[in-house]
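# An overview of the molecular structure
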Number of protein chains: 2
Amino acid sequence: MSEREPEIEIDDVEIETLHDEDDRMKSSFVDAVVECVEQGDDEGARALVRPLHPADVADLFELAPQDMRRPIAKALAELLDGDVLAEMNEWVRDELIDALQPHEVAEIATQLDTDDAVAIIEELEEEEQRAVLRAMEPDDRAAIEEALSYPEESAGRLMQRDLIAVPEHWTVGDVLDYLRRNEDLTTDFWEIFVVDHFHHPVGTCKLSWVMRTPRSIAIADVMQREQTLIPADMDQEEVALRFQKYALISAAVTDPAGRLVGMITVDDVVHIIQEEAGEDILKLSGAGDGDINEPILQTVKVRLSWLVVNLGTAILAASVVGLFQGTISRLVVLAVLMPIVSGMGGNAGTQTMAVAVRALALNQLTSSNTQRMILRELKIALTNGLCLGLLIGLAVTILYGNPQLGLVICLAMLINNITAGLVGILVPVTLDTVGADPAVSSAVFVTTATDVMGFFSFLGLAALWGLHG
Amino acid sequence: MSEREPEIEIDDVEIETLHDEDDRMKSSFVDAVVECVEQGDDEGARALVRPLHPADVADLFELAPQDMRRPIAKALAELLDGDVLAEMNEWVRDELIDALQPHEVAEIATQLDTDDAVAIIEELEEEEQRAVLRAMEPDDRAAIEEALSYPEESAGRLMQRDLIAVPEHWTVGDVLDYLRRNEDLTTDFWEIFVVDHFHHPVGTCKLSWVMRTPRSIAIADVMQREQTLIPADMDQEEVALRFQKYALISAAVTDPAGRLVGMITVDDVVHIIQEEAGEDILKLSGAGDGDINEPILQTVKVRLSWLVVNLGTAILAASVVGLFQGTISRLVVLAVLMPIVSGMGGNAGTQTMAVAVRALALNQLTSSNTQRMILRELKIALTNGLCLGLLIGLAVTILYGNPQLGLVICLAMLINNITAGLVGILVPVTLDTVGADPAVSSAVFVTTATDVMGFFSFLGLAALWGLHG
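Residues numbered from 1 in each chain as written. Chains lettered and ligands numbered in written order. Predicted model: local features only at pLDDT ≥ 70, side-chain atom pairs only at ≥ 80, totals over all residues. Heavy atoms only, no water.

## Description of the overall build of chain A
Put simply, the rule is: By the criteria applied, helices consist of DSSP H or I runs no shorter than four residues and strands consist of E runs no shorter than two, each listed in order from the N terminus. Atoms counted for the radius of gyration: C-alpha only. Globule rule: 2.2 Å times the number of residues to the power 0.38. Note on classification: 1.4 Å probe, protein chains only; a residue is buried when its accessible area is under 20% of the maximum for its type, exposed when over 50%, partly exposed between these limits. Residue contacts are counted whenever heavy atoms from the two residues lie within 4.5 Å of one another. All accessible-area figures derive from a Shrake-Rupley calculation using a 1.4 Å probe, and residue coverage is judged against the displayed protein chains alone. Neither His nor the chain termini are counted; the positive set is Lys and Arg, and the negative set is Asp and Glu. Positions of charges follow a simple convention, taking NZ of Lys, CZ of Arg, CG of Asp or CD of Glu.
When you go through chain A residue by residue, the secondary structure sums to 23 helices and six strands. Its C-alpha atoms give chain A a radius of gyration of 30 Å, clearly above 23 Å, the size a compact globule of 469 residues would have. Every one of the 469 residues in chain A was classed for burial, and the buried ones make up 58%. The long-range share in chain A, meaning contacts at least 24 apart out of those at least 6 apart in sequence, stands at 66%. Surface summary for chain A: the accessible area is close to 19,100 Å², and the carbon and sulfur share equals 54%. Side-chain charges of chain A comprise 31 positive and 77 negative groups, with the mean position of each set lying 6 Å from the other.

This is the structure we're talking about:
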């Protein structure tokens, strides 16, 4: 987050003309801005956009037609600052930044906190990156280069370097005087970090505690010693879980020597929680990042490769059907009913898998309760399999007047539901244990298993039984 | 979030013995506590648990075997305070609370902020609720009753009533003196709200701004007038989106008359963001809340009703196959290949649907860009359909030496991919427009469409072509 001075008041009326009841930006507003720009009325466009929050300006760009984004950016140039870019979808931002000169990007990056500047610069091509860094002041440049030295998606990239750290022996009065006298300190902090001689964090102090304490009290008597430290190389997903679990507003980031090198604030983490929690649904379906602003060729590449893998598994499942062509030709209705068995297994498997993937992501499924959860899923699969099997078995018996066929589909349904429940939990847990992301590849294994077992159990039982027309 | 005084320092060694490298509580620790309790060594159990953060104590209960949870609670009674309960999974919490007397629950609720107390009390049966409320102090009781008067999952239930509100004409010095002199004010605040004579919020002031400003300056000159107000009846999902979009740490909640009645802090919102973003994957798969601590019968009920609905649609799709029994009996290999066409359509449809559901949830897909996105999905579907169709068409031509069969499956694959892309985006968008939750019911419509169209296009083309063995 970066500091902004309040200048314009948005009153309720304006908010209402801007957003619909679902808090989505109205298309009438987007159209109005686009129209102004098309008609060359840049001042009109600026007048519409000027009262907006940077996050809303960013939304405006995402919602505007792709070919209008650069003309709008040109018209709004003076309003298009670092805060707007920091809030923007990365693909839309890249489009705009590609149109800028390195020195312009450098200027924008300089206005931002390190974490936001890094977010913009890390997306550039290596050559552009170097050009932008060369155009920056040495101080800013050093901070960004240091951040870039940490792995992608690590705490080191997320943190900001501007923070308030004070020595243990200061009093509350010393802290207040220090804050008031040093104009160039950040104003963007929610806690004060207390450090020892080696710049190791020894405690943290909420601002509300400092404010409620008389000036003469030592800061060491107000601070909380128990604090959650974030190693700079920790993965951002884990950082987000810690913030959530311990209800943190900000946290100190330390280097391998244990020195305080930065801080992470919750507003940066909120984006990550949202992304990480939401991306599992996209990963499970093989939709990659699922970003609607992604270049279309990129999207095709990601989705197609997933579909090709699934084509392979679909052919595998079909080959099981191939084994039973003789059986099918003796009783064609088997071909009619077999997708029911495989499909229902797929549905049941997906349920279990979704629950397991979620529980793993939230650290709720651990070695302490895995066995219990497998047993739980087995019980659920047995119950559901019995109910569904009886239901379809009865329907088939009545519809086709063939109790043997009814019994076969009932048993196949039960067998495939149990398969679904077991692979639905065992696949994600196993992938997680071997260090793979369960959300990415569970679906392939689970649906392959339920398709193969669905066809095999149903057609196999029918063959064994010697069913024929 | 509630205030806790720092008492015990957890050093790195202890953290390491407690959590594994993925930040999950180690089963060896859970086992150690369970063993102490089983052997009647309550003091040993307490010694293990005493240094833990309330969120970790809550985790311990969730990970312990169900039949050990009450014995552990008895052994740890003195450590089991409101903060622990507030962090606990609701099903596990309900189990423990069921074992308590109303006056014990009332005592725990009294220790908590209104929002956490409400979270516990709103889950109780109505009769229990009344008993607990009767056992509370009139003040606390009134606050909780007021919160319960707001709709479930609304801002009014989330907010806490303890906040710092000051009049416009005060100086920074007045504010500091007020905070220092009034011992019973909350210490849990990150911003100060400035109100007018009618208790309407007129501005907000980060604590860091107050601290960096000389005592003589008026608070009205430091505060930010532009602020995001949350109406008390706003849905929590929308509250979460606002916090995320505008990077808020806390926000004022107002009643219908525009008066300041409470505040919401980001740590309460973080849980909601996590839940709301993560639950779409569970909804899409029909797994309900997907909570692994839910009573098993509840889980069976939710999942089974979803499966029964899907059984209906599977029968519908099968009946399409039934129309073509004659065609299949003339060429049994059609039965072998048909699941490939329907299954691949299902996969492609799920990809588009996942992207659309996510984009709708994040307010990225609006009336401004729906048309553009439908066109985008159509292009993707066309490209992927062509690639997959050619691939499978070629394979079938070679494998079966039947170019006509190859052409039929190629065309069917293309048709079904286009169907998948269109329904994948149109179904969620339509559901959203009519006010239904796209995550809940999209999957049924999409897979039904891709199954029906998969079978119909493949078998229909084969029949038209007069394919036979």
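Once the structure has been displayed, the description carries forward.
## A few points about the side chain of B:His53
Test applied: Polar contact is defined as a pair of N or O atoms within 3.5 Å, subject to the rule that within protein one atom must be able to donate a hydrogen and the other to accept it, and that residues adjacent in sequence are counted only when both atoms are side-chain atoms.
Within the secondary structure, B:His53 is located in the loop between α3 (42-49) and α4 (54-63). At 2.9 Å, the side chain of B:His53 forms a polar contact with the backbone nitrogen of B:Ala55.

## Some thoughts on the nonpolar core
For clarity, the threshold we go by: By nonpolar core is meant a set of buried Ala, Val, Leu, Ile, Met, Phe, Trp, Tyr and Cys residues that side-chain atoms within 4.5 Å join together.
A:Ile340, A:Leu405, A:Phe458, B:Met338, B:Ile340, B:Leu405 and B:Phe458 are the most contacted members of the largest nonpolar core, which totals 122 residues. If we skip the residues at most four places from it in the chain, B:Phe458 touches B:Leu334, B:Leu337, B:Met338, B:Val341, B:Leu405, B:Val408, B:Ile409 and B:Ala412. Listed in part, the 55 residues of the second largest apolar core include A:Trp170, A:Val175, B:Cys205 and B:Met211.

## Thoughts on the UniProt feature "domain: CBS" (unreviewed entry) in chain A
To keep it simple, the criterion reads: UniProt positions are given in the numbering used here, feature names are shortened, and annotations may be inferred rather than shown by experiment.
Feature annotation in UniProt places "domain: CBS" (unreviewed entry) on residues 223-281 of chain A, given in this structure's numbering. In this annotation, residues 223-281 of chain A is assigned 44% helix and 22% strand; the end-to-end C-alpha distance for the span is 41 Å.

## Overview of the sheet that holds strand β1 (residues 165-167) of chain B
Residue and element names in this part refer to chain B. Stated formally: Should DSSP find at least two bridges between two strands, the strands are taken to pair. Structural elements are reduced to axes, namely lines fitted to C-alpha atoms, with helices fitted over the stretch in contact, and the angle between N-to-C directions of any two is expressed from 0 to 180 degrees.
Pairing is mixed in the open sheet, where three strands are placed in the order β1-β2-β3. Because the sheet does not close on itself, it has two edges, and the strands there are β1 and β3 (201-206). Across the sheet, the axes of successive neighbouring strands diverge by a mean angle of 35°, strand direction being ignored. When β1 meets strand β2 (residues 191-195), the two strands line up parallel, connected through three bridges. Its bridge partner lying in β2, alanine 165 is registered against phenylalanine 193.

## Notes on the pattern of salt bridges
Threshold: The working definition used for a salt bridge is a side-chain nitrogen of Lys or Arg within 4 Å of a carboxyl oxygen of Asp or Glu.
Considering all chains together, one arrives at 38 salt bridges over all chains under this definition. The residue A:Arg69 makes a salt bridge to A:Glu95 at a minimum N-O spacing of 3.1 Å. Here A:Arg69, found in helix α5 (residues 69-75), pairs with A:Glu95, found in helix α7 (residues 90-98); they are 26 residues apart in sequence, far enough to count as distant. On the accessibility criterion, A:Glu95 (18% relative accessible area) is buried. Note that B:Lys206 and A:Asp188 form a salt bridge whose closest N and O atoms lie 2.6 Å from each other. One end of the pair, B:Lys206, is in strand β3; the other, A:Asp188, is in the loop between α13 (172-181) and β2 (191-195), on a second chain. Judged by its relative accessible area of 10%, B:Lys206 falls in the buried class. Look at the salt bridges and you will find they share partners, linking A:Glu43, A:Arg46, A:Arg50 and A:Glu78 into a network.

## Considerations on the confidence of the model for chain A
The predicted coordinates of low-pLDDT regions are not to be read in fine detail. Residue and element names in this part refer to chain A. Rules: Per-residue confidence from the prediction method is given by pLDDT, with values spanning 0 to 100.
Looking at chain A as a whole, its pLDDT mean stands at 90, while 96% of the residues score no less than 70. Considering each helix and strand of chain A separately, the mean pLDDT is smallest for helix α1 (residues 12-18), with a value of 53, and largest for helix α22 (residues 403-433), with 97. Across residues 1-15, confidence stays below pLDDT 50; counting only partners more than four residues off in sequence or on other chains, it has 35 contacts.

## Some remarks on unusual backbone geometry
Residues and elements named next belong to chain A. Of note, the phi angle at asparagine 363 is positive, near 60°, even though the residue is not glycine. You can see asparagine 363 is positioned in the loop between α20 (333-361) and α21 (370-400). Classification of asparagine 363 as buried rests on a relative accessible area of 16%.

## Brief notes about the domain arrangement of chain A
For clarity, the cut-off: Boundaries between domains were set according to an automatic or database domain assignment.
Domain parsing of chain A yields domain 1 (12-158), domain 2 (165-266) and domain 3 (296-465). For domain 2 of chain A versus domain 3 of chain A, the separation of C-alpha centres amounts to 52 Å.

## Side note on the UniProt feature "transmembrane region" (unreviewed entry) in chain A
The positions that UniProt labels "transmembrane region" (unreviewed entry) are, in the present scheme, residues 304-324, 331-360, 380-400, 407-431 and 443-467 of chain A. In this annotation, residues 304-324 of chain A is assigned 95% helix and 0% strand; the end-to-end C-alpha distance for the span is 30 Å.

## A closer look at empty space enclosed by the protein
Our working definition: Lining residues are defined by having an atom within 4 Å of a point belonging to a cavity or pocket. Those points lie on a 1 Å grid over the protein atoms alone, cavities being sets where a 1.4 Å probe fits but cannot get out and pockets being open sets with protein on both sides within 12 Å along at least five of seven lines. Grid points are joined across faces, edges and corners, and a volume is the space filled by probe spheres set on the points. For this classification, the nonpolar set comprises Ala, Val, Leu, Ile, Met, Phe, Trp, Tyr, Cys and Pro, the charged set comprises Asp, Glu, Lys and Arg, and every other residue, Gly included, is treated as polar.
For the structure on display, the rule yields eight cavities of 30 Å³ or more. What the largest cavity holds in volume is close to 1,100 Å³. In terms of lining, the largest cavity is formed by 49 residues, of which the most central are A:Asn347, A:Thr447, B:Asn347, B:Thr350 and B:Thr447. Mapped onto the lining of the largest cavity, the elements with two or more residues apiece are α17 (266-284), α18 (296-323), α20 and α23 (438-465) of chain A together with α17 (266-284), α18 (296-322), α20 (333-361) and α23 (438-465) of chain B. When its residues are assigned to classes, the lining of the largest cavity shows 25 nonpolar, 22 polar and two charged.

## A closer look at the sheet that holds strand β5 (residues 250-254) of chain A
Residue and element names in this part refer to chain A. Pairing is mixed in the open sheet, where three strands are placed in the order β4-β5-β6. For this open sheet the edge positions go to β4 (230-231) and β6 (260-265), each flanked by a neighbour on one side alone. With two bridges connecting them, β4 and β5 associate as parallel partners. Looking at β5, one finds that proline 231 is bridged to threonine 254.

## Examining a nonpolar patch on the surface
To be explicit about the condition: Every patch collects residues that have over 30% relative accessible area and no salt bridge, joining them within 9 Å if they carry like charges and within 5 Å if they are nonpolar side chains (Val, Leu, Ile, Met, Phe, Trp, Tyr).
Taken together, the side chains of A:Leu407, A:Leu411, A:Ile415 and A:Trp465 define a hydrophobic patch exposed on the protein surface, amounting to about 310 Å² of accessible area. Topologically, A:Ile415 is positioned in helix α22.

## Considering the interface of chain B and chain A
Defined as follows: Once two parts are joined, some of their accessible surface, as seen by a 1.4 Å probe, is lost; buried area is that loss totalled over both.
With 144 residues of chain B at the contact, the number on the chain A side is 142 residues. With both chains or domains summed, chain B and chain A bury close to 12,500 Å², and 62% of this area falls on carbon and sulfur atoms. Sorting the residues of chain B by area buried against chain A places B:Met211, B:Arg212 and B:Ile292 first, and these three jointly supply 8% of that buried surface. For the interface between chain B and chain A, the tally reads 10 salt bridges. Examining the composition of the side of chain B that touches chain A, we find that 18 residues originate from one element, α20(B), more than from any other. Of the residues that constitute the side of chain B that touches chain A, the class distribution is 73 nonpolar, 35 polar and 36 charged.

## Some remarks on the packing of aromatic side chains
Rules: Two rings from Phe, Tyr or Trp (for Trp, the six-membered ring) form a pair when their centres sit within 6.5 Å of each other. Planes less than 30 degrees apart are called stacked, planes more than 60 degrees apart edge-to-face, and all others tilted.
Inspection of every chain in the model, using the stated rule, returns four aromatic pairs over all chains. An angle of 70° between the planes, with centres 5.2 Å apart, marks the rings of A:Trp170 and A:Tyr178 as edge-to-face. The exposure class assigned to A:Tyr178 is partly exposed, which follows from its relative accessible area of 23%. Ring centres 6.1 Å apart and planes at 65° place the aromatic pair B:Phe324 and B:Phe456 in the edge-to-face group.

## Quick notes on the packing of helix α10 (residues 126-134) of chain A against helix α11 (residues 138-148) of chain A
Residue and element names in this part refer to chain A. Heads up, the condition is: Roughly parallel here means an angle under 35 degrees, roughly antiparallel means over 145, roughly perpendicular means 65 to 115, and every remaining angle is called oblique.
Following both chains from N to C, one finds α10 and α11 inclined at 150°, their axes separated by 10 Å at the closest point. As judged from the angle between their axes, α10 and α11 are roughly antiparallel. On α11, the residues that touch Gln129, Leu133 and Arg134 of α10 are Arg141, Ile144, Glu145 and Leu148. For the contact of α10 with α11, the class distribution of residues is three nonpolar, one polar and three charged.

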